[in-house]
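Structural description and commentary
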Amino acid sequence: MFLNKLMPSQFVESIHHIDIDQLKRNKIRAVITDLDNTLVEWDRPEATPEVISWLGRLHDAGIQVTVVSNNNKERVQRFCAPLDLGFICAARKPTNRAFLQAVRQMNVTIAETVVIGDQLFTDVLGGNRLGFHTILVVPVAQTDGFWTRFNRQMERVALSWMERKGMVSWRRKA
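A brief report on the enclosed structure follows.

Quick notes on the rules
- Residues numbered from 1 in each chain as written.
- Predicted model: local features only at pLDDT ≥ 70, side-chain atom pairs only at ≥ 80, totals over all residues.
- Heavy atoms only, no water.
- Buried < 20%, exposed > 50% of the residue type's maximum accessible area, 1.4 Å probe, protein only.
- Helix = DSSP H or I, 4+ residues; strand = E, 2+ residues; numbered from the N terminus.
- Arc of directions from axis to C-beta.
- Contact = heavy atoms within 4.5 Å.
- Salt bridge = Lys/Arg side-chain N within 4 Å of Asp/Glu carboxyl O.

1. As for helix H4 (residues 73-80)
Every buried residue of H4 is listed here: Arg 75, Val 76, Phe 79 and Cys 80. All buried residues of H4 project into a common sector of 110° when viewed along the axis, lining one side. Exposed side of H4, more than 90 degrees from the buried face: Lys 73 and Glu 74 are the residues found there. In the core, the buried residues of H4 are packed alongside helix H3 (49-60), strand E3 (64-68) and strand E4 (86-88).

2. Structural notes on the pattern of salt bridges
Considering all chains together, one arrives at seven salt bridges under this definition. Here Glu 41 ties to Arg 44 by a salt bridge, and the two come within 2.7 Å at their closest N and O atoms. Residue classification places Glu 41 among the partly exposed positions, given a relative accessible area of 22%. Relative accessible area serves as the criterion here: at 34%, Arg 44 is assigned to the partly exposed category. Residues Arg 78 and Glu 46 are paired through a salt bridge, measuring 3.4 Å at the closest nitrogen-oxygen approach. Taken together, the residues Arg 78 in helix H4 and Glu 46 in the loop between strand E2 (30-33) and H3 connect sequence positions 32 residues apart. Taking relative accessible area as the criterion, Arg 78 reaches 49% and is therefore assigned partly exposed. Put simply, Asp 34, Lys 93 and Asp 123 are held in one network by salt bridges that share partners.

Here's what the structure looks like:
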């Protein structure tokens, strides 16, 4: 069923609520993360001190990170370069290409990787289609670009339906 592909493996309020020790216990060696409204607001050019600290904790745990974003190279590179983060821009999520490219670049398997993002129709759907453990976070900002606003409307419909069917055990902020 298509809606099962939209169901994240896990839901947390933010990246800061992800248990890095649990990732290690689950033999996770890599993170594929979205950028805009997952790590920082879509219009914030650089990482916050909190995001830098979170990325440092992942690094200390031996977990690699690659940013996979549908945004353009200028935006993604400006964010990732100062942090020495690998990235894939213009990813065309939810298609498979960028997710598979990221695991190849990090030399890990899908089973050793989690996908983190704020959107069901790009991050979660893309990760689930390939069998990744997916983690949905609440968007960092309440504002979005034009296409993301459209996706958010569709997400609300899907989440509402999933909740009515008892498929979700968490409540998401609107």
